[in-house]
Amino acid sequence: MAGFVAYYRVSTDRQGRSGLGLDAQRAAVASFMVSRGELSAEFVEVESGRKNDRPQLASALEQCRRQRATLVIAKLDRLARNVAFVASPMESGVEFVAVDNPHADKLMLHMLSAFAEHEQRQISVRTKAALAAAQARGVKLGGPNPAAAAARGRATLEVQEAPTRAKALPIIQRMRGEGASLRAIIAVLETEGVPPLRGRAWHPETVRKMLISRSL
């Protein structure tokens, strides 16, 4: 037996569920495989590139060993930005190819992974330095309270919308009481020159929500 086994990695559960990044990797591998037949298996890992515990990669390598297949990855950094970790599959006896550099030999792959690891470390150093400098300037670090920020946003929006609601609600309630449709109400609001509550135009759903909120 022979053939190709694909290994894909995405960084988080959210990316794994949404397909973010995964579709691009699959497309790259599919393009590589056009003249090489079909994949015999695919393995998808969902975790951080800094973690060396890769159960799906281990399964992919075992599959390759069993059928003497070649492991295919879309980009070298899909394995990890770590020279020792990239060396592991190479030393396992399994052939593997990175689609973004399919003609690279083992020495070049070591060099590319070394550069990737170095860049990752530099990014970490620059980030820590920037945070330290910000703290020295008295900048308060840490994310805002999401719930508090959302509450402030709603309060600001309510203040901004208050004048429009004051003009629109009497018309909406009166016409709805007379049995008018939502679109008929919108037509009168536009004729009366009442600006839309949000966006560039009135929508039936906006009018309906205003009626519901008023009745609560």
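Residues numbered from 1 in each chain as written. Predicted model: local features only at pLDDT ≥ 70, side-chain atom pairs only at ≥ 80, totals over all residues. Heavy atoms only, no water.

Draft legend 1. Layout of the overall build of the protein chain. Along its length, the protein chain carries eight helices and four strands. Each helix and strand of the protein chain, placed in order from N terminus to C terminus, yields the pattern β-α-α-β-α-β-α-β-α-α-α-α. Looking at the 216 residues of the protein chain, the share that counts as buried comes to 32%. Just so you have it, the protein chain exposes about 13600 Å², and 55% of that area is on carbon and sulfur atoms. (Helix = DSSP H or I, 4+ residues; strand = E, 2+ residues; numbered from the N terminus. Buried < 20%, exposed > 50% of the residue type's maximum accessible area, 1.4 Å probe, protein only. Areas by Shrake-Rupley, 256 points an atom, 1.4 Å probe, with all protein chains shown as cover.)

Draft legend 2. Representation of helix H3 (residues 55–67). In a regular helix each residue adds 1.5 Å, so 13 residues correspond to 18 Å; H3 covers 19 Å between its end C-alpha atoms and thus fits that length. For H3, every residue scored as buried is listed here: Leu-57, Ala-60, Leu-61, Gln-63, Cys-64 and Gln-67. Across the axial projection of H3, the buried residues extend over an arc of 155°, all falling on one side. Once H3 ends, the next one or two residues include Arg-68, with phi positive near 55°. (Expected span 1.5 Å × (residues − 1). Arc of directions from axis to C-beta.)

Draft legend 3. View of the environment of Ala-24. Relative to the helices and strands, Ala-24 resides in helix H2 (residues 22–32). A sequence separation of 50 residues divides Ala-24 from Ala-74, and the C-alpha atoms of the two residues are 8.5 Å apart.

Draft legend 4. Spatial organisation of the sheet that holds strand S2 (residues 41–46). Read from one edge of the open sheet, four strands run S2-S1-S3-S4, paired in parallel fashion. Of all strands in the sheet, those bounded by a partner on one side alone are S2 and strand S4 (96–98). Taken pair by pair, the neighbouring strands of this sheet meet at an average axis angle of 25°, ignoring direction. Against the sheet, H2 contacts strand S1 (4–10), S2, strand S3 (70–73) and S4, and its axis sits at roughly 160° relative to S1. (Pairing = 2+ DSSP bridges. Axes fitted to C-alpha atoms, helices over the stretch in contact; angles between N-to-C directions. Contact = heavy atoms within 4.5 Å.)

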